[in-house]
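Reading the structure
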Amino acid sequence: MEAVIAVLALLFVLFVVLGAYATVKVVGAAKRSADRHITQARRTVEDHTLKVKSFAQSGPAGEIAQLRLTLRTSMRATQDALKAGAAEDQSLKESLALFERLSAHGHELEGELRRLESEPDRGTLGKRLPELRERTNRITRSADSLRWAARDRARHFADDDLDSLSSQIDMETGALRHWTTTEQQSASTSASASVPRSAAPAEDAPAAGPARPAITPPGPRPTYPWQKKARPESTT
């Protein structure tokens, strides 16, 4: 009896532990999902705000907003492309590591551009714009280069796979249509069997009738009423 109680108590504790673990996992997954949605919503709001500023504001302030938007769009697109490709192509992990290093420079530039948006000295801001524009172009060019290289690699592999698949399908369709070749061979064999053999030479053919003599013997001559009867020859 004590053993049964101990087993039941152990099972109860085990169920409680498993339930707590499952609850923690579910709560953690829900929290991560909520964080992703919040982050995505915040990014969307910031991007729309930058678009409005880049069109509504003129001068250095509007260009600063445009630089931020260009930088964020390029870096996010490259990050998504590399992460999606690295899940299927292990060779992209090195490219992803290089992008992480590039992201450090991108985050630094993003923070500097954000601070300069509220800079009251427009003259100093105008002097800084060429250097900020050059840094933004260098980072975005590198990010775009990584992104397009990853896409070209994925497209190349997709084309190779499609070529291989097309060859296999051609072979399979040829095998499925093998019955047409068999029927053609059977028809050719039947036609050759039904053709009659060539006629024998004329000299080997049997005669159509009895051979006629070279000279036809004379038949009996007809007799007429006015002719005298032939007298019998006398014998001596």
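Here the structure is shown first, and the text comes after it.
Parameters and conventions
Residues numbered from 1 in each chain as written. Predicted model: local features only at pLDDT ≥ 70, side-chain atom pairs only at ≥ 80, totals over all residues. Heavy atoms only, no water. Helix = DSSP H or I, 4+ residues; strand = E, 2+ residues; numbered from the N terminus. Buried < 20%, exposed > 50% of the residue type's maximum accessible area, 1.4 Å probe, protein only. Contact = heavy atoms within 4.5 Å. Areas by Shrake-Rupley, 256 points an atom, 1.4 Å probe, with all protein chains shown as cover. Axes fitted to C-alpha atoms, helices over the stretch in contact; angles between N-to-C directions. Parallel < 35°, antiparallel > 145°, perpendicular 65-115°, else oblique. Left-handed = near helix turned anticlockwise from the far one by under 90°. Nonpolar A, V, L, I, M, F, W, Y, C, P; charged D, E, K, R; others polar. Salt bridge = Lys/Arg side-chain N within 4 Å of Asp/Glu carboxyl O. Core = buried A, V, L, I, M, F, W, Y, C linked by side-chain atoms within 4.5 Å. Phe/Tyr/Trp six-rings, centres within 6.5 Å; stacked < 30°, edge-to-face > 60°. Lys NZ or Arg CZ within 6 Å of the ring centre and 35° of its normal.

**Focus on the overall build of the protein**
Check the secondary structure of the protein and you find five helices and zero strands. Burial statistics for the protein: of 236 residues in total, 19% are counted as buried. Within the protein, contacts between residues separated by at least 24 positions form 71% of all contacts whose residues are at least 6 apart in sequence. For the protein, the accessible area works out to roughly 18,900 Å², and carbon and sulfur atoms hold 60% of it.

**A word on the packing of helix α3 (residues 92-116) against helix α4 (residues 122-176)**
Two elements in contact, α3 and α4, have axes separated by 11 Å at closest approach and are oriented at 155°. What the angle tells us is that α3 and α4 run roughly antiparallel. α3 and α4 meet at a crossing whose hand is left-handed. On α4, the residues that touch Leu92, Ser95, Phe99, Leu102, His105, Gly106, Glu108, Leu109, Glu112, Leu113 and Leu116 of α3 are Leu125, Arg128, Leu132, Arg135, Thr136, Ile139, Ser142, Ala143, Leu146, Ala150 and Arg153. Considered class by class, the residues forming the contact of α3 with α4 number 12 nonpolar, five polar and five charged.

**Structural notes on the pattern of salt bridges**
Between side chains of opposite charge, pairing is possible as soon as their charged atoms come close. With the rule as written, the count across this model stands at 12 salt bridges. Residue arginine 135 pairs with glutamate 112 through a salt bridge whose shortest N-O separation is 2.8 Å. Taken as a pair, arginine 135 in helix α4 and glutamate 112 in helix α3 lie far apart in primary sequence, 23 residues in all. Aspartate 144 serves as the salt-bridge partner of arginine 147, at 2.9 Å between the closest nitrogen and oxygen. One end of the pair is arginine 147 and the other is aspartate 144, both in helix α4 and three residues apart, which spans about a single turn. Here the salt bridges share partners, and the residues they tie into one network are Arg68, Arg72, Glu110, Arg114 and Glu117.

**Description of the environment of methionine 75**
Along the chain, the position of methionine 75 falls in helix α2 (residues 60-86). Methionine 75 sits in the buried class, given a relative accessible area of 11%. On a C-alpha basis, the gap between methionine 75 and phenylalanine 99 in space is 8.8 Å, while along the polypeptide they are 24 residues apart.

**Description of the nonpolar core**
Ranked by size, the top nonpolar core spans 20 residues in total, and within it Met75 and Leu132 carry the most contacts. For leucine 132, the contacting residues outside a window of four places in its chain are Ile64, Leu67, Leu109, Glu112, Leu113 and Leu116.

**With respect to the environment of alanine 154**
Along the chain, alanine 154 turns up in helix α4. Alanine 154 gets classed as partly exposed once you look at its relative accessible area, which sits at 47%. Between the alpha carbons of alanine 154 and glycine 85 there is a distance of 7.6 Å; along the sequence they are 69 residues apart.

**Examining the packing of aromatic side chains**
Geometrically, a pair of aromatic rings is defined through the distance of the ring centres and the angle of the planes. Considering all chains together, one arrives at zero aromatic pairs under this definition. Across from the ring centre of tryptophan 148, 5.0 Å away, lies the NZ or CZ of arginine 151, which sits over that ring.

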